[in-house]
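Secondary and tertiary structure notes
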Amino acid sequence: MEDGGRSTQWRFAAPNPTLAAAGERSIQKALLQVHACLDERGPRPVIPLSHGDPSSAPSFRTAPEAEEALVAAVRSGEYNGYPTPATGLPARRAVAEYLSRDLPYMISHDDIFLTCGGSQAIETVMSVFGQAGVNILLPMPGYPKHEAHAVFHRMEVRHYNLLPERGWEVDLEAVEALADGNTVAIVITNPNNPCGSVYTYEHLAKIADIASKLGILVIADEVYGHLVYGTTPFVPMGVFGETVPVITLGAISKRWAVPGWRLGWIATCDPKGILRKTKVVDSLRSFVSIISGPATFIQGAIPHIIKNTNDEFYNNIVKLLKETAEICYDAVNEIKCITCPHKPEGSFFMMVKLDVSQLPDICDDVDFCSKLAKEESVILLPGMQ
């Protein structure tokens, strides 16, 4: 480049190939392709079904007790500064007590690491274990951010299948075949995103047994915990902490319908102390110390949010999810080229299968969605049908 007769060789043009590879795992690429096909002048509103954020719908407004707790924290004037151990301790203690309700043992505030939402919890855990040469077992279908952060942190991703004919259970035989001496963990999502399944106690026990046999830990993404509306109750993976060390990821974003409040957590469910002996807890603490956590006022509010939210709110959310899941499932079953192999029982999602053999001009699912978006958003002029 010429600059006043001087040639400058810029050294920052080359992109980070690892970041580019991680970005390819994001769902955003496919979404942008579909959105590009929309005619924004069209008469029909566009309903986003690609993210788990119900907050824009009035029927999913969060609990009044949660709003009151947040407002009280802000008005108190006690949470305008940077977070400190003093402000974080009651929040961590409240989360520990909340999770311990469903466990056969108690976890303490020392087992809790607060994060800026569930996404940062994923980033933190993948950062702790990420290094060249190790591999991690992820579900297929799965949540794209698990893979994106694993790839960004130089881990080899090995996919195990979820079996639709068995209610999207983990293919346990495949897990054993995929793992080797460099495998550090298996990730499970329960209730499941994107399949809408909920694992039974018996199935989770088998996962724990296999992970223990392989000498790997279980990372349990339970951000949709308790949002179940089928016949299978929610069982936290931490129930099996005596069998295998479990790192649980959670947040208030889904159960309280407040993803914008950005409070999540990492919980070490490990009554035998294996994660401390192997320095995993030290690594988690080190990483959390170099990132920005949740806003101080949400940390101040969370003890009151957890303590005061009425059961009626939780029950209404689950009832509404069940009703909407029934509507979607019934509607899908009326479409000849689409099937849902397992009726959703939890989370905000359901997984469907597209039979492209019935659609001669469609090559795959992205092509189908793109053409459907274009077709359904077109402006109908007088005389058009």
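Residues numbered from 1 in each chain as written. Predicted model: local features only at pLDDT ≥ 70, side-chain atom pairs only at ≥ 80, totals over all residues. Heavy atoms only, no water.

Right, let's talk about the overall build of the protein for a bit. Looking only at helices and strands, the protein has 13 helices and 12 strands in total. Taken against the 2.2 N^0.38 rule, which gives 21 Å for 385 residues, the C-alpha radius of gyration of the protein at 23 Å falls within 12% of a compact globule. Based on the C-alpha atoms only, the size of the protein along its principal axes is roughly 70 × 70 × 55 Å. Going through the 385 residues of the protein one by one, you find that 46% of them count as buried. When contacts within the protein are restricted to residue pairs at least 6 apart in sequence, those whose partners lie at least 24 apart make up 70%. Looking at the protein as shown, the accessible area adds up to about 20,400 Å², and 55% of this sits on carbon and sulfur atoms. Between the mean site of the 33 positive side-chain charges and the mean site of the 44 negative ones, the protein shows a separation of 4 Å. (Helix = DSSP H or I, 4+ residues; strand = E, 2+ residues; numbered from the N terminus. Rg over C-alpha atoms; globule rule 2.2 N^0.38 Å. Buried < 20%, exposed > 50% of the residue type's maximum accessible area, 1.4 Å probe, protein only. Contact = heavy atoms within 4.5 Å. Areas by Shrake-Rupley, 256 points an atom, 1.4 Å probe, with all protein chains shown as cover. Lys, Arg positive; Asp, Glu negative; His and termini not counted. Charge placed at Lys NZ, Arg CZ, Asp CG, Glu CD.)

Here we take up the sheet that holds strand β5 (residues 156–163). The strand order across the open sheet built from 8 strands is β3-β10-β9-β8-β7-β4-β5-β6, with neighbouring strands paired in mixed fashion. Two strands bound the open sheet, and with one partner strand each, they are β3 (112–115) and β6 (169–170). With 6 bridges joining them, strand β9 (residues 246–251) and strand β10 (residues 264–269) adopt antiparallel strand pairing. Its bridge partner lying in β10, Thr248 is registered against Ala267. In the packing of helix α4 (residues 85–100) onto the sheet, the strands contacted are β3 and β10, and the crossing angle to β3 comes to about 115°. (Pairing = 2+ DSSP bridges. Axes fitted to C-alpha atoms, helices over the stretch in contact; angles between N-to-C directions.)

With that settled, consider the pairing of β5. The pairing of strand β4 (residues 135–140) with β5 spans 6 bridges and is parallel. Considered in β5, the bridge of Leu137 is made with Arg158. Each parallel crossover has a hand, and the one from β4 via helix α6 (residues 144–152) to β5 is right-handed. For β5 and β6, the ladder comprises 2 bridges, and the chain directions are antiparallel. Bridge pairing in β6 places Leu163 opposite Glu169. Adjacent in sequence and paired antiparallel, β5 and β6 are bridged by 5 residues, among which Gly167 carries a positive phi angle near 70°. (Right-handed = clockwise from strand over helix to strand, strands pointing away.)

The sites that UniProt annotates as "modified residue: N6-(pyridoxal phosphate)lysine" (unreviewed entry) are Lys254. With respect to the secondary-structure elements, Lys254 resides in the loop between β9 and β10. Among the residues examined, Lys254 registers a relative accessible area of 12% and is labelled buried. Residues in contact with Lys254, not counting those within four places in the same chain, are Gly52, Val223, Tyr224, Leu227 and Phe348. Of note is the side chain of Lys254, whose polar atom sits 2.7 Å from the backbone oxygen of Gly52. (UniProt positions renumbered as here; feature names shortened; annotations may be inferred. Polar contact = N/O pair within 3.5 Å; in protein donor to acceptor, adjacent residues only side chain to side chain.)

Moving on, we come to the confidence of the model for the protein. Low-pLDDT portions of the prediction should not be read for the details of their coordinates. Here the protein averages 92 in pLDDT, while 96% of its residues score no lower than 70. Scored below 50 in pLDDT, residues 381–385 shows 1 contact in the model against residues more than four places distant or in partner chains. (pLDDT = per-residue confidence, 0-100.)

For helix α10 (residues 280–288), the full list of buried residues reads Val280, Val281, Leu284 and Phe287. Here the buried residues of α10 occupy an arc of 130° about the axis, which is enough to place them on one side. Contacts made by the buried residues of α10 are with β3, α5 (117–129), β9, β10 and α9 (274–277). (Arc of directions from axis to C-beta.)

The next point concerns the nonpolar core. Among the nonpolar cores identified, the biggest contains 69 residues, and Ile112, Ile186, Ile188, Met237, Trp256 and Trp265 are the most heavily contacted of them. Beyond its immediate chain neighbours, meaning those up to four positions away, Ile186 contacts Leu137, Tyr160, Val175, Ala211, Ile216, Leu217, Val218 and Ile219. Ile136, Ala185, Leu249 and Phe287 belong to the second-largest nonpolar core, a separate cluster that totals 26 residues. (Core = buried A, V, L, I, M, F, W, Y, C linked by side-chain atoms within 4.5 Å.)

On to the environment of Leu320. Tracing the backbone shows Leu320 in helix α12 (residues 311–333). Setting aside residues up to four positions removed in sequence, Leu320 forms contacts with Ser59 and Phe60.

This part takes up the packing of α5 against α10. Pairs of packed helices are described in terms of their axes, by the angle between the two and the distance that separates them. Two elements in contact, α5 and α10, have axes separated by 9 Å at closest approach and are oriented at 125°. In terms of orientation, α5 lies oblique with respect to α10. By crossing handedness, the relation of α5 to α10 is classed as right-handed. Contacts from Glu123, Thr124, Ser127, Val128 and Phe129 in α5 reach Val280, Ser283, Leu284, Phe287 and Val288 in α10. Each residue belonging to the contact of α5 with α10 can be placed in one class, and the counts come to 6 nonpolar, 3 polar and 1 charged. (Parallel < 35°, antiparallel > 145°, perpendicular 65-115°, else oblique. Left-handed = near helix turned anticlockwise from the far one by under 90°. Nonpolar A, V, L, I, M, F, W, Y, C, P; charged D, E, K, R; others polar.)

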